[in-house]
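A look at the structure
The residues making up each chain are set out below.
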Amino acid sequence: MMAVARRLVGDEALAQDCVQNAFADVFRGLDGFEERSRLSTWMHRIVVNQGLMALRKQKRLQEISIDDLLPAFDQNRCRIEEQWISAETPESLMQRDQTKDVVLSKIASLPENYRIVLLLRDIEEMSTSDVAQTLQISESNVKVRLHRARSALKMLLEPLLRGETS
Amino acid sequence: MKTPMQKMMRRIHGLLFKLPLMITCDEFEGFILAYLEDDLPPRQKFVFETHLKVCRECRDYLAAYRTSLELARASYRDDPAAPDDMPEDLVKAIVAARKADG
């Protein structure tokens, strides 16, 4: 539960508060737990909800606009994309000391509405319908946000992928 | 800055993508998520993969998109603090004990 909270809020003290509140919710709600889903799935959702509540209260620092990070097309509706010379694999990139820190900091800089969907779908591996239910948005909205978040992350990671950073 | 040859090639691509069973790059963009989740019907999948074969830009883009996604997953997967799944038996025992206590 601590790892889930830490991934969502990105701050140790805040994550501890989330877990504490989540356990309080778990004990309050145990009698009503109907065992239709795995208990761990239910608890996972509770800690995710606590993380989301904490994020809503937290004032975010400067965020990049998602529009600046989306792919570009010309008047022929053709993609504008510089040619990729090197094609390093994720495995070789992960062996570099800085890679993980760069990736985590770029994810942290994504606009919150997009970052949360990326974390819930791609990292926490929740289904599209579960994410939609948790965030109280439609499934198609989850898909749009997920694709934009991934596209923006790709753009932010380009210097790393192209070997332009240490 | 594009050379005249590159500009002409882009115009040819733009025309090529208007042929039957072809899609433009911005239409391709809208199918990426469904393609990666294997959610495209066979005909749309064929159209998507045909575009991929003829468009260097979209091929490069999709490869980088996949790599960055894999890096994101790997960065969290390597988190030493991330615990394994919670033991369901243990949790059930705690629930049963609490319910028995009333």
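Just so we're clear, the structure is a prediction, and the values are computed from it rather than from any experiment.

1. A few points about the overall build of chain A
Scanning chain A from N- to C-terminus turns up nine helices and two strands. Expressed as lengths along the three principal axes of its C-alpha atoms, the size of chain A is roughly 60 × 40 × 30 Å. Within the span of chain A, comprising 166 residues, buried residues form 47% of the whole. Carbon and sulfur atoms provide 47% of the accessible area of chain A, an area that totals close to 8800 Å². Looking at chain A, you have 23 positive and 25 negative side-chain charges, and the mean spots of the two groups are 3 Å apart.

2. Things to note about the domain arrangement of chain A
All names here are of chain A. You can read the domains of chain A as domain 1 (1–60) and domain 2 (64–166). For domain 1 versus domain 2, the separation of C-alpha centres amounts to 25 Å. Taken together, the contact pairs ten residues of domain 1 with 14 residues of domain 2. For the domain 1 and domain 2 pair, buried surface summed over both sides reaches about 1100 Å², with 51% attributable to carbon and sulfur atoms. Applying the counting criterion to the domain 1 and domain 2 interface returns two salt bridges. A salt bridge links Asp 130 to Arg 45; the shortest N-O distance between them is 2.9 Å. It is helix H3 (residues 39–57) that contributes the most residues to the side of domain 1 that touches domain 2, six residues altogether.

Reading the values: the criteria
- Residues numbered from 1 in each chain as written.
- Chains lettered and ligands numbered in written order.
- Predicted model: local features only at pLDDT ≥ 70, side-chain atom pairs only at ≥ 80, totals over all residues.
- Heavy atoms only, no water.
- Helix = DSSP H or I, 4+ residues; strand = E, 2+ residues; numbered from the N terminus.
- Buried < 20%, exposed > 50% of the residue type's maximum accessible area, 1.4 Å probe, protein only.
- Areas by Shrake-Rupley, 256 points an atom, 1.4 Å probe, with all protein chains shown as cover.
- Lys, Arg positive; Asp, Glu negative; His and termini not counted.
- Charge placed at Lys NZ, Arg CZ, Asp CG, Glu CD.
- Domains from an automatic or database assignment.
- Contact = heavy atoms within 4.5 Å.
- Buried area = accessible area lost by both parts, 1.4 Å probe.
- Salt bridge = Lys/Arg side-chain N within 4 Å of Asp/Glu carboxyl O.

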